Amino acid sequence: MPTSVFAALALMLNAFVWGVSWWPFRRLEGFGLHPLWATAAIYALALAGLLAWRPQALRALARHRGLWLLALAAGMSNLCFNWGVTRGDVVRVVLLFYLMPVWTVLLAWPLLGERPRPAALARMALAVAGVVVVLRTPGMPWPVPESLADWLGLVGGLCFSLTNIQLRRVRSATDESRMVAMFSGCMAVSALAATGGLLLGEIAAPPLPAPAWMLTALLLALAFIAGNAGMQYGAARLSANATALIMLSEVVFASLSAVALGAAQLAPRTLVGGAMVLLAAAWAALARPVEGEADARCAP
């Protein structure tokens, strides 16, 4: 079998892991572990494993200020995605998360000095129109997010785009130091948010260690490790354009699994608006290769 086929399958493994990750997070919540606590625990395990393998990577985090912004952006993106798909309609949250063409255009100008071209503005308009179709429900005067999950999807996508942009700004840092920054951010941001929610009485304390939820968390961490290994293998052997397009299959995996398990409803407006958002994302992926934008989330 050609190497390119293996590379594509490896990328699809990563997309599959992220596309169905909502289910184990909901399982963990069923055990009494809020998705914020679950995210913090999973990335604490991942960070411990990475530092055991590359302990020197931690020193770079202390020296490189750009890595701190990367940590914050990656942590917020992961927090929003995991919390959103746990609490809301999975398809809606994933589609709102993939509103990246809009955020990339808006953020790349002030942060990277990249003035938006007409094609980029057209992609942004298409994506915005798709979101309007998804959010516009009967009886609502304006197409605005109607739940916490919707807002988490939107903010998570914004932070995901910021993570991608920040990865390009810290290209001089080593791979290990960038991974430590992202893992640390995912752990710390979720832990701080969960602690704040606990103090405010909005989030329950994590349950005592028990084999059921600890095994689920461990299996999810291992799945993220396998998915990230697939992403690293595939992205190194395929073009950035092909990588970005294949990663859009995450939406398919999320949609099929959510509908099959009753966690989402594919209303006509969701199908139409989702197709517009995905078309804008695919158009952006085909526009030109961009280094470092394969999948910037904190998959271990």
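Look up a bit, the structure's there.
Rules used throughout
- Along each chain, residue indices are assigned from 1 in the same order as the chain's sequence is written.
- Local features in this predicted model are restricted to residues whose pLDDT is 70 or higher, and side-chain atom pairs enter the listing and the counts only when it is 80 or higher, whereas totals over whole chains, interfaces and linings include all residues.
- No hydrogens and no water enter the side-chain calculation; it runs on all heavy atoms of the structure.
- Strands are runs of DSSP state E lasting at least 2 residues, helices are runs of H or I lasting at least 4, and numbering of each runs from the N terminus.
- Throughout, radius of gyration means the C-alpha value; the globule benchmark is 2.2 Å times the number of residues raised to the power 0.38.
- Partly exposed describes any residue whose relative accessible area lies between the buried limit of under 20% and the exposed limit of over 50%, with all areas from a 1.4 Å probe on protein chains only and scaled to the type maximum.
- Note on contacts: a residue pair is in contact if any heavy atoms of the two residues lie within 4.5 Å.
- Under the convention used here, a 1.4 Å probe and the Shrake-Rupley method define accessible areas, while residue burial counts only the protein chains that appear.
- The charge count treats Lys and Arg as positive and Asp and Glu as negative. His and the chain ends do not count.
- Each charge is placed at NZ for Lys, CZ for Arg, CG for Asp and CD for Glu.
- What is meant by a nonpolar core is a set of buried Ala, Val, Leu, Ile, Met, Phe, Trp, Tyr and Cys residues, joined one to another through side-chain atoms within 4.5 Å.
- Within this document, salt bridges are pairs made up of a side-chain nitrogen of Lys or Arg and a carboxyl oxygen of Asp or Glu, the two lying within 4 Å of each other.
- Between rings of Phe, Tyr and Trp, where Trp is taken as its six-membered ring, a pair exists when centres lie within 6.5 Å; planes separated by under 30 degrees are stacked, by over 60 edge-to-face, and by other angles tilted.
- Note on terminology: disulfide denotes any pair of cysteine sulfur atoms within 2.5 Å.
- Note on geometry: axes are lines fitted to C-alpha atoms, helical ones only across the stretch in contact, with angles between N-to-C directions running from 0 to 180 degrees.
- Here the angle decides the label: under 35 degrees means roughly parallel, over 145 means roughly antiparallel, 65 to 115 means roughly perpendicular, and every other value means oblique.
- Handedness of a crossing follows from how the near helix is turned relative to the far one, being left-handed for an anticlockwise turn of less than a right angle and right-handed for a clockwise one.
- Note on residue categories: nonpolar means Ala, Val, Leu, Ile, Met, Phe, Trp, Tyr, Cys or Pro, charged means Asp, Glu, Lys or Arg, and polar means any other residue, Gly included.
- Here a helix's expected span is defined as the number of its residues, less one, multiplied by 1.5 Å.
- Residues enter patches when they are more than 30% accessible in relative terms and free of salt bridges; like-charged ones are connected within 9 Å and nonpolar ones (Val, Leu, Ile, Met, Phe, Trp, Tyr) within 5 Å.

K.L.:
Tell me about the overall build of the protein, and please be specific about residues and values.
P.N.:
Scanning the protein from N- to C-terminus turns up 14 helices and 0 strands. For the protein, the N- to C-terminal ordering of α and β elements is α-α-α-α-α-α-α-α-α-α-α-α-α-α. Taken over C-alpha atoms, the radius of gyration comes to 18 Å for the protein, in line with the 19 Å a tight globule of 300 residues would show. In terms of overall dimensions, the protein has C-alpha extents of about 45 × 45 × 45 Å along its principal axes. For the protein, the proportion of its 300 residues judged to be buried stands at 50%. Across the protein, every contact between residues at least 6 apart in sequence was considered, and the portion connecting residues at least 24 apart equals 87%. When the accessible surface of the protein is split by element, carbon and sulfur atoms take 70% of a total near 13,700 Å². Placing the 20 positive and 12 negative side-chain charges of the protein at their respective mean positions leaves the two points 6 Å apart.

K.L.:
An account of the nonpolar core is requested, with residue identities and associated values reported.
P.N.:
Membership of the largest hydrophobic core comes to 79 residues, with the highest contact counts inside it found for Leu28, Ile42, Val94, Tyr98 and Phe224. Counting residues in hydrophobic clusters, the runner-up holds 7 residues, among them Ala7, Met231, Leu238 and Met247.

K.L.:
Quick one: what's the story with the pattern of salt bridges, residue by residue and with numbers?
P.N.:
For the structure shown, the criterion picks out 2 salt bridges. Between Arg87 and Glu29 there is a salt bridge; the shortest N-O distance is 2.5 Å. Of the two residues, Arg87 sits in helix 5 (residues 65–87) while Glu29 sits in helix 2 (residues 22–30), which places them 58 residues apart along the sequence. Judged by its relative accessible area of 25%, Glu29 is partly exposed.

K.L.:
Go over the packing of aromatic side chains with me, naming the residues and quoting the values.
P.N.:
This model, assessed by the stated rule, comprises 8 aromatic pairs. Summarising the aromatic geometry, the rings of Trp18 and Phe224 are spaced 4.7 Å apart at their centres and angled 25° between planes, so their arrangement reads as stacked. Taken as a pair, Trp18 in helix 1 (residues 3–20) and Phe224 in helix 11 (residues 211–235) lie far apart in primary sequence, 206 residues in all. In terms of burial, Trp18 and Phe224 fall into one category: buried. Geometrically, the ring pair formed by Tyr43 and Phe183 is tilted, given 6.4 Å between the ring centres and 35° between the ring planes. Pair noted here: Tyr43 is in helix 3 (residues 35–53) and Phe183 is in helix 10 (residues 175–199), with a separation of 140 residues, a long-range link.

K.L.:
Mind laying out the state of the cysteines, listing which residues take part and the relevant values?
P.N.:
Across all of its chains, the model carries 0 disulfides by this definition. The structure places no disulfide on Cys159, whose sulfur is separated from the nearest cysteine sulfur, that of Cys80, by 5.4 Å.

K.L.:
Break down the environment of Gly157 for me, citing the residues and quoting the values.
P.N.:
Turning to its location among the elements, Gly157 is positioned in helix 9 (residues 148–169). Gly157 sits 61 residues away from Leu96 along the chain, and the two C-alpha atoms are 7.0 Å apart. In this structure Gly157 touches Phe97, Met100 and Trp103, once residues within four positions along its chain are discounted.

K.L.:
Can you lay out the packing of helix 8 (residues 118–135) against helix 14 (residues 268–287) for me, pointing to particular residues and giving the numbers?
P.N.:
Helix 14 packs onto helix 8 with a crossing angle of 160° between their chain directions and a minimal axis gap of 7 Å. Between helix 8 and helix 14, the interaxial angle falls into the category roughly antiparallel. Where helix 8 crosses over helix 14, the two elements pack in a sense that is left-handed. Contacts between helix 8 and helix 14 pair Ala119, Ala122, Arg123, Leu126, Ala127, Ala129, Gly130, Val131, Val133 and Val134 from the former with Arg269, Thr270, Val272, Gly273, Gly274, Met276, Val277, Leu279, Ala280, Trp283, Ala284 and Ala287 from the latter. Considering only residue class, the contact of helix 8 with helix 14 consists of 16 nonpolar, 4 polar and 2 charged.

K.L.:
I'd love a proper account of the environment of Phe81, names of residues and values included.
P.N.:
Examined against the element boundaries, Phe81 turns out to sit in helix 5. The sequence separation of Phe81 and Cys159 amounts to 78 residues, and the corresponding C-alpha distance is 10.0 Å.

K.L.:
Can you break down the side chain of Asp150 residue by residue, with the values?
P.N.:
Its place among the elements puts Asp150 in helix 9. What Asp150 contacts, discounting residues up to four positions off in sequence, is Arg92, Leu96, Leu135 and Pro145.

K.L.:
How would you explain helix 10 if you had to name every residue and give the values?
P.N.:
Between its terminal C-alpha atoms helix 10 stretches 36 Å, which fits the 36 Å expected from 25 residues at 1.5 Å a residue. Two residues or fewer after helix 10 comes Gly201, characterised by a positive phi angle close to 80°.

K.L.:
Help me get a handle on a nonpolar patch on the surface, residues and values and all.
P.N.:
Taken together, the side chains of Leu45, Leu215, Leu218, Leu219, Leu222 and Ile225 present a nonpolar region at the surface, about 550 Å² in accessible area. For the nonpolar patch, the element with the most residues is helix 11, which contributes 5 residues. Mapped onto the fold, Leu215 is located in helix 11.

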